[in-house]
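Survey of secondary and tertiary structure
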Amino acid sequence: MARSIKLRIWRGDSTDGGLKDVVVEANEGEVVLDVIHRVQATQMGDLAVRWNCKAGKCGSCSMEINGKPRLACMTQVASFGEEETITVTPLRAFPIIKDLVTDVSFNYKKAMEIPAYEPPAELAPGEARMEQIDVERSQEFRKCIECFLCQDVCHVVRDHEENKKSFAGPRFLMRMAELDFHPLDQRKTRKQEAQEQHGLGFCNITKCCTEVCPEHIKITDNALIPMKERVADVKYDPVRWLGSKIRKREGL
Amino acid sequence: MTLERHKYDVLVIGAGGAGLRAAVEARESGLRVAIICKSLFGKAHTVMAEGGAAASMGNVNDNDNWMVHFRDTMRGGKFLNHFRMAELHAKESPDRIWELEVWGALFDRTKEGKISQRNFGGHEYPRLAHVGDRTGLELIRTMQQKIVQLQQKDGRETGDMESGIKVFAELTITDILKENGKISGAYGYWRESGEEVLFEAPAVVIATGGVGKTFKITSNSWEGTGDGHALALKAGANLVDMEFLQFHPTGMVWPPSVRGILVTESVRGEGGVLTNTNGERFMFKYIPDVFKDKYADNEAEADRWYEDQDNNRRPPELLPRDEVARAINSEVKAGRGTEHGGVFLDVSKRLPAEVIKKRLPSMWHQFYELAGVDITKEPMEVGPTCHYVMGGVEVEPDTAAAVGVPGLFAAGEVAGGMHGSNRLGGNSLSDLLVFGRRAGMGAVEYVKKNTATPVSDAAIKAAAEKIQAPFDRQGGENSYSLHAELQEVTHNLVGIIRTGSELKEAIAKIAEIRKRSANVAVAGGRKFNPGFHLAFDLDNMLLVAESTAKSADAREESRGGHTRDDFPGMNNKWRQVNHISSFDGEKVNVRAQSLPPMPKELFDLFDVHELEKYMTPEEVAKGGSN
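Worth saying up front: this structure is predicted, and the values here are computed from it rather than measured.

About the cut-offs
- Residues numbered from 1 in each chain as written.
- Chains lettered and ligands numbered in written order.
- Predicted model: local features only at pLDDT ≥ 70, side-chain atom pairs only at ≥ 80, totals over all residues.
- Heavy atoms only, no water.
- Buried < 20%, exposed > 50% of the residue type's maximum accessible area, 1.4 Å probe, protein only.
- Helix = DSSP H or I, 4+ residues; strand = E, 2+ residues; numbered from the N terminus.
- Pairing = 2+ DSSP bridges.
- 1 Å grid on protein atoms, 1.4 Å probe; cavity = no way out; pocket = protein on both sides within 12 Å on 5 of 7 lines; lining within 4 Å.
- Points joined across faces, edges and corners; volume = space filled by probe spheres on them.
- Nonpolar A, V, L, I, M, F, W, Y, C, P; charged D, E, K, R; others polar.
- Contact = heavy atoms within 4.5 Å.
- Phe/Tyr/Trp six-rings, centres within 6.5 Å; stacked < 30°, edge-to-face > 60°.

1. Examining the pairing of strand E13 (residues 245–252) of chain B
All names here are of chain B.
- With 8 of its 8 residues buried, E13 lies for the most part within the structure.
- Looking at chain direction, E13 and strand E16 (residues 380–389) are connected through 6 bridges and run antiparallel. Bridging across to E16, Gln246 finds its partner in Tyr388.

2. A word on the layout of surface pockets
- Considering only enclosed or pocket space, the largest pocket measures out at about 1,500 Å³ in volume.
- Lining the largest pocket we find 49 residues, and of these Asp108, Arg118, Gly132, Lys358 and Arg359 of chain B sit closest to its centre.
- Put simply, the parts of the chain that give the lining of the largest pocket at least two residues each are helix H3 (132–142) of chain A together with strand E5 (117–118), helix H7 (299–305), helix H9 (353–359) and helix H10 (361–370) of chain B.
- For the lining of the largest pocket, the per-class residue count stands at 16 nonpolar, 14 polar and 19 charged.
- What the second largest pocket holds in volume is close to 1,300 Å³.
- As for the second largest pocket, its lining consists of 45 residues, of which His37 and Trp51 of chain A together with Lys213, His483 and Gln487 of chain B are closest to the centre.

3. Comments concerning helix H2 (residues 105–113) of chain A
- When H2 of chain A is considered as a whole, its buried residues turn out to be Phe106, Asn107, Tyr108, Lys110 and Met112 of chain A.
- Those residues of H2 of chain A that are buried lie in contact with helix H4 (149–153) and helix H6 (170–181) of chain A together with helix H4 (135–158) of chain B.

4. A look at the packing of aromatic side chains
Residue and element names in this part refer to chain B.
- Taken as a whole, this structure holds 21 aromatic pairs over all chains when the rule is applied.
- Each ring, one from Trp305 and one from Tyr306, has its centre 5.2 Å from the other, and the planes form 75°; the classification is edge-to-face.
- By relative accessible area, which is 2% here, Trp305 ends up buried.
- Measuring from ring centre to ring centre gives 6.1 Å for Phe409 and Tyr446, while their planes differ by 70°; the resulting arrangement is edge-to-face. In this pair, Phe409 is assigned in strand E18 (residues 408–410) and Tyr446 in helix H11 (residues 427–449), connecting sequence segments 37 residues apart.
- A residue is classified by how much of its surface remains accessible, and Tyr446, at 13% relative accessible area, is buried.
- Put simply, the rings of Trp66, Phe70, Phe79, Phe606 and Tyr614 pair up and form one aromatic cluster.

The structure is reproduced here in structure tokens:
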């Protein structure tokens, strides 16, 4: 049955803005994105919101709902109380463009800085053989839909704009782990790069990223902590340290 | 204010699988490439593809090869496919999958460590390379990361990572520009700021995907508004066979807000069965004559097939999608559907809970979070949803060049011909890899022989005026309401079952909406204004809907994704006919054109008795075109 709900939407741009209250109808089973669309079609034709698939698969409709970074398409209206006002605001860690849309180009810049996959030179197409169990570790991270909620929630950049330069954020540190765990990747220097160029050391494993991940990827436990352990292995193991000095090996 | 201008060798419109594959090909050949997408980079509808990419690698059953895949594809399309496209697709798909692996893709594996392949409707052997049920995401991400790799290489060589290939995200193209009959570039606007942009390029690849948003119930995202179809028509290209739309048999039906969202065919591939409210496994009643020797007519045999595929026929749940969609539609119409107008799809009785969660993770997630249904314990409620358009830009198969417009190319869902009257599941992801690459190659060859034609000031002025127009109107039509009206018309009159009188009514109504759409007014400014964006999308959808309704009215038979209540059954004479849509500036015109006949070497791949079911006696007697 349709009922009226109270919605509070942040409207404005980089210069000015504020919260606007609206009352809108919601039907059984609807998600927050549905009611935002209804506001758009009936009350605010120029309300800006990003979305694509409306099925939790593309990661476009990221916003903060009652202060929590979430996908609007996967947040049921019914999960809030009948009398509760639902407040929707843009992602806080990124510059505002308009209304609920932010400038997420930071993430695409970071994506371009992560050294690409390096396949074995000798391996012909179709010749690769990998065990399912060996690909599964990286496959978990490749489930990432790049909604950037983890990037938004991570306090390293959320409250410290100045860290953005030297910190790739959970999504891209996980990308580095994914490549490091890839059974065929040939680049041996990923651990040092994660630590020295992309700010792995900033992460103090509060697991906020894991909590907001709509794909339920265990970013901290399965990607970041193992990466930290690998870094520790390379950096602080005296035998390896000596070996790397004597034989001038790269990486391991 | 000065106009933002860019010059490239190749302009790729669309950043889904086909567009990215074309861009990679063109860049690797040394050309400078711009990729344009309406959304952020990496959000294209390809990410929604779940089941897998069909390629006859023979990793699971070594009887598979390109000829078997070719036969399955032609059967699935009821022999209306362009034979050459189906041939190239079947031959080249394995290489395209292996290539993705070289670029870093991580497909699920067989016990021997090869790429695993799964069963799917209409495919004789397990053929779909997959990653759980998120294969499309893997394709997009792999190619996105391949593009980053190319950019890093350019960065090392030139100091600028975006010197050779650049992504223009959240940008809408409103016009493809021509000078002296040849492509000269494209014009559009940044969605973020509303500011206009001119691209000058001798070659344009259209890879904009589908048209699902023309319909009310669809699995497509907001981007599927037929932009490329309409841009191509307006640029003088043709669309072929626009009457053929695939209604995927299994979309979600409840709750209303998720109606239409896709439920992957893999659920049936993994053993899911369809039942009506009487508990009857109804698909056995709907096996058409042409498929009787390939599909089991009883439950015992159908169930044995999952264990022993060599000695049993396939379960009828795995018939091509058009058959299953029509069957579900009939069951619901006969009063054997659920209260929400669907039927039941159940995999919980076939597989243990942990296997379901592993093989169909995103389905589990989707039903649990959006519908409150645990698919490891209960059945899903499903019904048909508009999923894919088989029709599209008429192209030369080998180069993906649009017929009639030098410099224009089209690949992926926006191109027509490959899938005939019905596409097999899994053939879309392989299609966009095979023909995305070929479009890239086609553009490269073209650019080598043709220099860029400068865009004239007159063309720029006309394109700019069109963008400004809705802002200058006061109190005109609302684009949201017109869109909703169009969706009602297509849903009610051009849907899964059609009749002549309703199609004629639809044509009149679409024309009326189109007339009113010329008066759309936009409230607010240019900055990220969805009402403004929809005004342009709407114009594209109206042209597509007109082309579909007119082609559907002309085809007086039922075949694949086109079912006529007043002309039930296939008519072999109609198999020889393609419908060609063109645009005269005012309206879409549809004419019949002969389908190119298969050459002997492909004709001979089939049992002649099978061909007799599809072809006229004269065609069969001729035995191939050469």
